[in-house]
Amino acid sequence: MNTQTTLLDPTAELKPVERQLLPRLASLDGSTVGLLDISKPRGKEFLDEIEKQLLEMGAQVKRYSKPTFTRVAPTELTQKISVECDAVIEGLAD
Amino acid sequence: MEQPSNINYALIVKKDCPTCALIEPVIGKLAKRFTKDLEVYVQDDPTFPQIVDAPIDDTSLEFSYRNQIEVVPTLIRLGDEANSESRIYGWDKKQWQEFTGIEDLGSELIDFKPGCGSKTQDPGMDEILALRFGDKILQAREVELAEAEDEMEACFERGWSDGLPVVPPTALRVMRMLNGTNREADELIGKIPPDYAPCTIEKLAINAVMAGCKPEYFPTVITSVEAALQDKFCMHGLLCTTYFSSPVLIVNGPIVQQIGMNAGVNALGQGNRANATIGRALQLIIRNIGGGVPGGIDRATMGNPGKYTYCFAEDESDDSWNSLAMDNGYDRKDSVVSLFAGEGLQPILDQQSRDAASLSKSMAQSLRSVVNTKLFGLADAILVVCPEHRRVLMNSGWSKADLRNALYEELKTPGSKIIRGANGNAEGMPVKFEEKILDKFRDGGLHIVTTGGKAGMFSAVIGGWVASGERGSQLVSQKIR
């Protein structure tokens, strides 16, 4: 494994070197938002409230859950969310 | 004999050198005579030479590099005046005796034994030492990866790749690439579209590393960029188009053999590093430096596989057939890169023609299909003649000019047959051309080049961009310097 590798920037250096966030949604109206329950206690109640508010703002909501909070989401689940949703909110803690 | 105290000596040795081992008694004598006025530097093993109390560890090679040591042993004498340094190297008894003023120095040794290469001269060492101890040459922003980050994946994630793995551009690899040219790293070569970002030789080197180029390919890469920046190539427009086209590189001249490009079997296919990586380097330069990213400025409807790399060399094995570069005013001994805004490869199979007149008809029929059989004068084209077809043409006594004239003649078509609506097809030439006889290609719009294996009667067409000519892109050539 590498310790610290330094590479030279091949670009014209017009953008910051830090990786950029993906573009944000301009509006929730008409968009589909996924709510991912990571399967910690009380996640459901918290996400129920989020869902309620999102629906009031005109978004559609799809619910997902990880099999266990101890591991990263299975590839199939992340692919499913990326295909079905415009954005995702992940319930990270109890 | 007393030495004046304003003279100092430095001796550079390595244990692995038999000459250094041979002169160990000499070193002992010098140490005794000059005491603190002699410093002994050792490149590989600081316990050598044992006869000296405290040899100086130069395993980092810093002293050797800074003093440009090429041979061990080297004995340097420094006087107190500026530029009064002098040096001797290897073992030449008489020379050492005169240089040190010690008449019986090494009298028990053989008269002469050449030295060995300094460790600074080991393959690949020069760039390592230049990075460590030399003037700072590289100006590009440094991107530090996280400790556990995979360097190949890091290049993908930062958007630097064309979709295939790239060679991670470390400073050492870039230094080695820069050694492929005698041009300065900070030389500005121009502004790369579409962002028109100022571009240095160093930035080109970084991308050439990523493309997988060897340093010896680098001058060809630089030249391809210079060609792309020629106004009449219209790189910016070519990048933005919804059409298929992208730069096609064709290389002529002695450089082809020097760097091992393929102008033979499978010349337009995979498998040759120079062909593959030179073409890829140009594409990466446009992507990374110019900012021309698919879906961004690059709006191609489909693109074409040549947008990864599209680069080949011309077969110049027959002196009596002019090369593409010669058609553009260069000499056969010039090494030249030509760029054409093209796409794909349309085969022309003709295994029956045994004379040029017949063969040219096959070629003309295929050339008619460029863009659309009913659209004339829109796109240029390259006719890629295979060696067997070239033989048929030459056996009929035809030159390239004869072939081109015959093709233009064969392709002349009455406007009435190809105007919009003709043959029940809405596409075609504007109705105003109904009474005209039309040429498929504008003057100077049909280029002819030879490449490929010796077996197979298969030539090909590389169709051009629909904005060919002065309103768009024209084939450009640039000499490699």
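Given the structure is predicted, the values throughout are model-derived calculations rather than measurements.

**Here's the deal with the pairing of strand E1 (residues 8–13) of chain B**
Residue and element names in this part refer to chain B. For E1, the tally of buried residues reaches five of six residues, placing the bulk of the element in the interior. Relative to strand E5 (residues 74–78), E1 runs antiparallel, the two being bridged by five bridges. If you follow Ala 10 over to E5, its bridge partner there is Ile 76. Of the pairings in the sheet, the one linking E1 to strand E2 (residues 38–42) comprises five bridges and is parallel in character. By the bridge assignment for E2, Tyr 9 is matched with Leu 38.

**Structural notes on the sheet that holds strand E3 (residues 56–57) of chain B**
Residues and elements named next belong to chain B. Reading across from one edge, E3-E2-E1-E5-E6 is the order of the five strands in this open sheet, with mixed pairing throughout. The two strands at the open ends of the sheet, each matched to only one other strand, are E3 and strand E6 (86–89). Running at roughly 145° to E2, helix H2 (residues 24–34) makes contact with E1 and E2 of the sheet.

**Things to note about the interface of chain B and chain A**
The accessible area lost on association of the parts is a frequent measure of interface size. Taken together, the contacts link 27 residues of chain B with 16 residues of chain A. Each residue belonging to the side of chain B that touches chain A can be placed in one class, and the counts come to 14 nonpolar, four polar and nine charged.

**Topic: helix H8 (residues 201–211) of chain B**
Most of H8 of chain B is tucked away, with 11 of its 11 residues classed as buried. For H8 of chain B, every residue scored as buried is listed here: Ile 201, Glu 202, Lys 203, Leu 204, Ala 205, Ile 206, Asn 207, Ala 208, Val 209, Met 210 and Ala 211 of chain B. Among the structural elements, strand E1 (6–8) of chain A together with helix H7 (171–178), strand E11 (188–192), strand E12 (197–200), helix H9 (218–228) and helix H12 (273–288) of chain B are those in contact with the buried residues of H8 of chain B. Backbone geometry just after H8 of chain B places Gly 212 of chain B at a positive phi near 100°.

**Looking at helix H16 (residues 400–411) of chain B**
All names here are of chain B. The terminal C-alpha atoms of H16 lie 17 Å apart, and with 12 residues this matches the ideal 16 Å at 1.5 Å per residue to within 8%. Looking only at H16, the buried set comprises Lys 400, Leu 403 and Leu 407. Along H16, the residues classed as buried sweep out an arc of 60° about the axis, all on the same side. In H16, the exposed positions that point more than 90 degrees away from the buried face belong to Ala 401 and Glu 409. Those residues of H16 that are buried lie in contact with helix H14 (356–367), helix H15 (387–395) and strand E19 (446–450).

**What about the confidence of the model for chain B?**
Averaged over every residue, the pLDDT of chain B is 95; the share at 70 or more is 98%. The ipTM, which scores confidence in the relative placement of chains, is 0.85 for this predicted complex, and the corresponding pTM is 0.89.

Calculation notes
Residues numbered from 1 in each chain as written. Chains lettered and ligands numbered in written order. Predicted model: local features only at pLDDT ≥ 70, side-chain atom pairs only at ≥ 80, totals over all residues. Buried ≥ 20, exposed ≤ 12 C-beta atoms within 10 Å, placed from the backbone. Helix = DSSP H or I, 4+ residues; strand = E, 2+ residues; numbered from the N terminus. Pairing = 2+ DSSP bridges. Contact = placed C-beta atoms within 7 Å. Axes fitted to C-alpha atoms, helices over the stretch in contact; angles between N-to-C directions. Nonpolar A, V, L, I, M, F, W, Y, C, P; charged D, E, K, R; others polar. Expected span 1.5 Å × (residues − 1). Arc of directions from axis to C-beta. pLDDT = per-residue confidence, 0-100.

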